[in-house]
Amino acid sequence: MAWSDTFLKVLKDNDVRLVTYVPDNVLTPLLKGVTADNYFRSVCTTREDEAVGVVAGAWMGGTKSVLMMQTSGFALIANALASLTVPSQIPVVMVISERGTMGEFNVGQQLVARTMRPVLDSLGIAHHTLTDEATMPFIVDRSIKQAFMTQASVAFILSPLLTGGNPAGNEKLKSA
Amino acid sequence: MTSTVRKLNRADLTRRLVAKLKHDEAVVAGIGNSNFDLYAAGHRPQNFYMLGSMGLTCPIAMGVALAQPERGVIALEGDGSILMSLGCLTTIGKVAPRNLTIVIWDNGVYQITGKQPTATAGAADIVAIAKGAGIANSQWVRDENHFEQLIDRRFAEDGPILLAVKIDDQPGTAQTPRDPTLIRTRFMAGLGVGRSGALDM
């Protein structure tokens with residue numbers, strides 16, 4: 001089973017029915033799986049902080065959801081997390097495809113990636129870097145359950161070790 | 001567009017809106033004056049007051065609307081706030097939740113920070129923007145009676161609906177308690193979602 005299929009199965013096992021996202025190359029297999037499966041409802045937002053709002057509203061209305069984005073998208077949502085979901089104790093399950101490391105070609109991605117874990121740490125948000133398919137299901141399943149039980153957000157950072165990295169970047173590496 | 005529109009008062013119209021709510025509709029009110037006047041109109045369990053996250057009123061309301069498609073959901077947002085997140089109107093136009101109504105209080109200023117003019121004081125037209133974003137049922141409110149008529153009709157039609165109101169520059173008329181977890185837990189209880197037990201008694 002592909003890593004993306006395994007990931008989506010864990011979401012289903014945890015009654016996560018709404019997927020909000022801003023598209024990304026690395027996330028494409030996840031997003032294809034979501035749109036192909038009637039179990040999920042998907043909402044593509046224009047910005048990542050908009051998706052934080054949708055996730056928060058859906059949670060308060062009784063629907064579990066997840067927010068998928070890339071590293072640079074996470075950099076847009078610090079205020080939404082700090083002024084809405086963290087003080088309100090609304091759990092946001094974040095799935096972040098990690099750019100800026102292990103062969104990044106875009107200097108902007110490299111810099112913004114360095115802000116990600118410090119922001120998560122400063123807000124007290126648990127984060128797990130997923131590097132292999134063997135440990136991923138256990139980490140994701142247990143951490144989603146913990147997030148909903150304790151009403152605290154969690155971020156899953158999809159390492160290139162798990163996903164193979166950005167396909168466009170991989171092409172550039174061949175000629176680097 | 002709005003040259004014939006008389007400026008109305010947010011606190012007055014909020015009271016008129018709340019008086020019309022007979023089906024436990026959820027109301028999500030934006031940062032600052034929008035939620036201050038909702039609180040001033042009398043707290044209801046289905047009210048959510050935003051204390052931060054400027055611009056996220058409509059996305060939050062859409063999330064509630066998707067989670068509870070049989071409940072009417074109303075977003076109360078200011079012009080400055082919606083200008084910060086115009087993209088969300090295109091998402092709402094695309095997703096088209098039929099139970100969502102958006103009210104934009106347009107005073108043409110960032111009232112709470114010192115009345116600096118917003119873009120709607122000039123050429124920007126919220127209704128034109130909303131229609132262009134795909135919310136076909138968007139219109140300017142002419143006066144108090146028109147507002148009440150539109151609010152009445154809202155529940156009989158498919159949404160989403162956007163009502164834009166030119167208002168005066170009066171500040172909010174009360175101060176919502178600044179306790180985010182209390183606001184969130186009460187709102188969830190009002191929606192029938194929250195954890196229940198002896199602590200609720």
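Before any of the text, the structure's been laid out above.
For clarity, every value in this text was computed on a predicted model and none was experimentally measured. (Residues numbered from 1 in each chain as written. Chains lettered and ligands numbered in written order. Predicted model: local features only at pLDDT ≥ 70, side-chain atom pairs only at ≥ 80, totals over all residues. Heavy atoms only, no water.)

Draft legend 1. Here's a closer look at the overall build of chain A. Along the backbone of chain A there are 9 helices and 6 strands. In terms of C-alpha radius of gyration, chain A reaches 15 Å, essentially the compact-globule figure of 16 Å for 176 residues. If one aligns the C-alpha atoms of chain A with their principal axes, the spans along those axes are about 50 × 35 × 30 Å. When the 176 residues of chain A are sorted by exposure, 52% land in the buried category. Put simply, 76% of the contacts in chain A that link residues at least 6 apart link residues at least 24 apart. (Helix = DSSP H or I, 4+ residues; strand = E, 2+ residues; numbered from the N terminus. Rg over C-alpha atoms; globule rule 2.2 N^0.38 Å. Buried < 20%, exposed > 50% of the residue type's maximum accessible area, 1.4 Å probe, protein only. Contact = heavy atoms within 4.5 Å.)

Draft legend 2. The interface of chain A and chain B, seen in detail. Facing 28 residues of chain A, the contacting portion of chain B comprises 27 residues. Each partner contributes to the roughly 2100 Å² buried at the junction of chain A and chain B, and carbon and sulfur atoms together form 63% of this total. Run the count over chain A and chain B and you get 0 salt bridges. Seen at the junction of chain A and chain B, the total is 7 residue pairs in polar contact (both at pLDDT 80 or more). When residues of the side of chain A that touches chain B are traced back to their parent elements, those giving at least two are strand 2 (41-44), helix 3 (48-60), helix 5 (78-88) and helix 7 (136-150) of chain A. (Buried area = accessible area lost by both parts, 1.4 Å probe. Salt bridge = Lys/Arg side-chain N within 4 Å of Asp/Glu carboxyl O. Polar contact = N/O pair within 3.5 Å; in protein donor to acceptor, adjacent residues only side chain to side chain.)

Draft legend 3. Representation of the environment of Met84(B). Residues and elements named next belong to chain B. Along the chain, the position of Met84 falls in helix 4 (residues 79-84). The exposure class assigned to Met84 is partly exposed, which follows from its relative accessible area of 48%. Linking Met84 and Ser34, residues 50 residues apart in sequence, is a C-alpha distance of 15 Å.

Draft legend 4. Structural detail: the pairing of strand 5 (residues 126-130) of chain A. All names here are of chain A. Of the pairings in the sheet, the one linking strand 5 to strand 6 (residues 154-158) comprises 5 bridges and is parallel in character. Looking across to strand 6, one finds that Leu130 is bridged to Leu158. Read as a crossover between parallel neighbours, the route from strand 5 over helix 7 to strand 6 is right-handed. (Pairing = 2+ DSSP bridges. Right-handed = clockwise from strand over helix to strand, strands pointing away.)

Draft legend 5. Spatial organisation of unusual backbone geometry. All names here are of chain A. The residue Met102 is not glycine, and still its phi comes out positive at about 55°. Within the secondary structure layout, Met102 lies in the loop between strand 4 (93-97) and helix 6 (107-122). Residues other than glycine seldom take positive phi values, yet Gln151 does so here, at roughly 55°. Tracing the chain through its elements places Gln151 in the loop between helix 7 and strand 6. Assessed through its relative accessible area of 14%, Gln151 is described here as buried.

Draft legend 6. View of the packing of aromatic side chains. Under the definition given, this model contains 6 aromatic pairs over all chains. Judged by centre distance (5.2 Å) and plane angle (85°), the rings of Tyr39(A) and Phe40(A) are edge-to-face. Judged by relative accessible area, which is 8%, Phe40(A) ranks as buried. Arranged with centres 5.7 Å apart and planes meeting at 85°, the rings of Tyr39(B) and Tyr49(B) form a pair that is edge-to-face. (Phe/Tyr/Trp six-rings, centres within 6.5 Å; stacked < 30°, edge-to-face > 60°.)

Draft legend 7. Local environment of the environment of Tyr21(A). All names here are of chain A. By the secondary structure assignment, Tyr21 is in strand 1 (residues 16-21). Taking C-alpha positions, Tyr21 is 19 Å from Pro160, a pair spaced 139 residues apart along the chain. The contacts of Tyr21, once residues within four sequence positions are left out, are Leu31, Ser42, Val43, Cys44, Thr45 and Met68.

Draft legend 8. Structural detail: the nonpolar core. Counting residues in each nonpolar core, the largest one holds 108 residues, and the members touching the most others are Phe7(A), Met68(A), Met94(A) and Ile102(B). Of all the elements, helix 3 of chain A adds the most residues to this core, at 8 residues. When near neighbours in sequence (up to four residues on either side) are disregarded, Met94(A) contacts Leu67(A), Met69(A), Phe74(A), Ile77(A), Leu81(A), Leu120(A), Ile125(A), Ser153(A), Val154(A), Ala155(A) and Phe156(A). (Core = buried A, V, L, I, M, F, W, Y, C linked by side-chain atoms within 4.5 Å.)

Draft legend 9. Summary view of the side chain of Arg10(B). Residue and element names in this part refer to chain B. In this structure, Arg10 sits in helix 1 (residues 10-20). From its side chain, Arg10 meets the backbone oxygen of Gln170 in a polar contact 2.7 Å long. Excluding its chain neighbours within four sequence positions, the residues that come into contact with Arg10 are Asn33, Ser34, Asp37, Trp105, Asn107, Ile167, Gln170, Pro171 and Gly172.

Draft legend 10. Structural context of the pattern of salt bridges. By the definition in use, this model includes 14 salt bridges over all chains. For Arg17(A), the salt bridge goes to Asp15(A), with nearest N and O atoms at 3.1 Å. Exposure remark for Arg17(A): the relative accessible area of 41% places this residue in the partly exposed category. Owing to a relative accessible area of 36%, Asp15(A) belongs among the partly exposed residues under this scheme. Where Glu104(A) meets Arg99(A), a salt bridge forms, and the shortest distance between an N and an O atom there is 2.8 Å. You can call Glu104(A) partly exposed: its relative accessible area is 23%. Put simply, Asp12(B), Arg16(B) and Glu148(B) are held in one network by salt bridges that share partners.

Draft legend 11. Structural view of the state of the cysteines. Inspection of the entire model under this criterion finds 0 disulfides over all chains. With no disulfide of its own, Cys44(A) has Cys88(B) as its nearest cysteine by sulfur position, at a separation of 14 Å. (Disulfide = S-S within 2.5 Å.)

Draft legend 12. Summary view of the sheet that holds strand 7 (residues 138-140) of chain B. Residue and element names in this part refer to chain B. The 6 strands lie next to each other as 2-1-3-4-8-7, forming an open sheet whose pairing is parallel. Strands with a single pairing partner mark the edges of an open sheet, and in this sheet they are strand 2 (47-49) and strand 7. The average angle at which neighbouring strand axes cross in this sheet is 15°, direction not considered. Relative to strand 8 (residues 161-166), strand 7 runs parallel, the two being bridged by 3 bridges. Within strand 8, the position partnered with Ser138 by the bridge is Leu162. (Axes fitted to C-alpha atoms, helices over the stretch in contact; angles between N-to-C directions.)

Function-wise, these values are silent; they only describe arrangement.
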